[in-house]
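Residue-level structural notes
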Amino acid sequence: MTPTLKTDIAERISRISVSSTMKVAAEADKLRREGVDVVDFGAGEPDFPTPDNIKQAAIRAIEQNYTKYTPAGGTAELKKAVCERHAADFGTSYKPSECVISVGGKHVLFNLTQAVVQDGDEVIIPVPFWVTYKDIVNYAGGKCVFVETQEENGFKLTADMIEKSLSPRTRMVIINSPSNPSGAVLDRAEFEKIFEMTSSRGIYLLTDECYCHFLYGSSPFSVASLPGAKDTVLVAGTVSKTYAMTGWRIGFGLTPESLASAMAKLQSHSTSNPTSIAQKAALEALSGPQDSVPVMLAEYRKRREFVVPRLRQIPGVTCNMPEGAFYAYPNISCALGRNGVNTTLDFAARLLKDASVAVVPGEAFGTDRHIRISYATSMKELAASPGGNPVRPAFVG
Ligand SMILES: Cc1ncc(COP(=O)(O)O)c(C=O)c1O
């Protein structure tokens, strides 16, 4: 008898969905290949080239044949550089044994969640959230508990909001400040209260510091610098945005030693080490001159001040001024329910079709009245969108 072929996809794959931001990027790319001049506000990616000193470090690595396997959890010199950079920027005191280097910040978050979250564990995620959190929690068998924040209050999260959602099954709280997509920055006092609440209950507080250097009003702060934080605070960091290195794929975790080892173990059976050459580049990024960072921040500030007032000029559109990161998150609900546009997904599709402008629908981030506009794209692109206004075309016709 011929055996029946088992071609089903494993159940755990159905727990995750295709990243909406990647979907937008793919659609925009397809149009571009068809010859359409797409104005792309979809990708959360700096348009700046990687600074030259970083590129030169990678070129040297290749020339010196630094092209072999490294330890799975990253090189000793890079871990040391991560700890020293974090200490210099935030006053923390991590040791290299408490550090793991992974293939981008996303990989850090994935491994960390796999290593911490067990079946049925609850993970608190403030809304709006970065798309990937919910998928990686679901993939790990955890349960997402969403905490709504309000646009009217600047999408500000408070310790009280989190407290209401705690349960005996709460395993972890995820904070992303500045936030992708809203640009909201968590007040330091609230961050401290959240830390007290989670640490006193033995709950992990995962702080995603992806945009921690892109702040327009406040000074950089890491909750990991608070006394006693190292037992329960888990830091996920990346060089992707800070140094315009999205394609290099280097991120880092700063966690208790046992967790860093667990993450490295998981990595040793999946990706093995992050690319040796990219690790040399990240070493230069973290330990070399830091002057490219304020230059990029100044440019993002200019773009923020270009984009937000223009969005606000559109009748019915509201938009908070982002306090960090490089995203505007306007409320476009006034355009819904007419012209066949009922959801922000419809809105984004229509904008791409009619005006060749790519944005990410708010559904991806857990809200149904907003779209995300990345202004990490160039000023030329921002001004090139029809009428010099990123979303106006969708309101016409
Ligand atoms: C909030 C947030 N965290 C983490 C990441 C991961 O960045 P990467 O994997 O490129 O280092 C991103 C990327 O967009 C992000 O927006």
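Residues numbered from 1 in each chain as written. Predicted model: local features only at pLDDT ≥ 70, side-chain atom pairs only at ≥ 80, totals over all residues. Heavy atoms only, no water.

**Let's talk about the overall build of the protein**
Applied cut-off: A helix here means a DSSP run of H or I that spans at least four residues, while a strand means a run of E at least two residues long, and both kinds are numbered starting from the N terminus. For this measure, only C-alpha atoms enter the radius of gyration; the expected value for a globule follows 2.2 Å times N^0.38, where N is the number of residues. When accessible area is computed with a 1.4 Å probe and restricted to protein chains, residues below 20% of their type maximum are described as buried, those above 50% as exposed, and intermediate ones as partly exposed. It only takes one pair of heavy atoms within 4.5 Å for two residues to be counted as in contact. Per-residue accessibility takes into account occlusion by the displayed protein chains alone, with areas from the Shrake-Rupley method and a 1.4 Å probe. Within this scheme the basic residues Lys and Arg register as positive and the acidic residues Asp and Glu register as negative, but His and the chain ends are omitted. Lys charges are placed at NZ, Arg charges at CZ, Asp charges at CG and Glu charges at CD.
Looking only at helices and strands, one finds 12 helices and 12 strands in the protein. Against the globule reference of 21 Å for 397 residues, the protein gives a C-alpha radius of gyration of 21 Å, in line with a compact fold. C-alpha extents for the protein along the principal axes are approximately 70 × 60 × 55 Å. Counting over 397 residues, the protein shows a buried share of 55%. Considering only contacts in the protein between residues 6 or more positions apart, those separated by 24 or more positions represent 74%. Accessible surface for the protein amounts to roughly 17,300 Å². Of this, 53% is attributable to carbon and sulfur atoms. Looking at charge distribution, the protein has the averaged site of its 42 positive side-chain charges lying 2 Å from that of its 42 negative ones.

**A short note on helix α4 (residues 105–116)**
Put simply, the rule is: The length a helix should cover is 1.5 Å for every residue beyond the first.
Between its first and last C-alpha atoms α4 spans 16 Å; for 12 residues at 1.5 Å apiece the expected length is 16 Å, and the two agree. Of the positions making up α4, those classed as buried are Gly 105, His 107, Val 108, Leu 109, Asn 111, Leu 112, Thr 113 and Val 116.

**What to know about the site of the ligand**
For clarity, the threshold we go by: Here a residue is considered near a molecule or strand provided that any single heavy atom belonging to it is located within 4 Å of it. Any pair of nitrogen or oxygen atoms within 3.5 Å is treated as a polar contact; in protein, a donor-acceptor pairing is required on top of that, and neighbouring residues in sequence qualify only through side-chain atoms on both sides. Charged means Asp, Glu, Lys or Arg here, nonpolar means Ala, Val, Leu, Ile, Met, Phe, Trp, Tyr, Cys or Pro, and polar covers whatever is left, Gly included.
Around the ligand sit 15 residues, and of these Gly 105, Asp 208, Tyr 211, Thr 238 and Lys 241 come closest. Between Lys 106 and the ligand, the recorded distance is 2.9 Å, taken from a backbone N or O atom to an oxygen atom. Residue Lys 241 places a side-chain N or O atom 2.7 Å away from an oxygen atom belonging to the ligand. Computed on the free molecule, the ligand has an accessible area of 400 Å², of which 92% lies beneath the protein chains in the complex. Among the elements that take part in the shell around the ligand, α4 stands out by supplying three residues, more than any other. Broken down by class, the residue content of the shell around the ligand amounts to five nonpolar, six polar and four charged.

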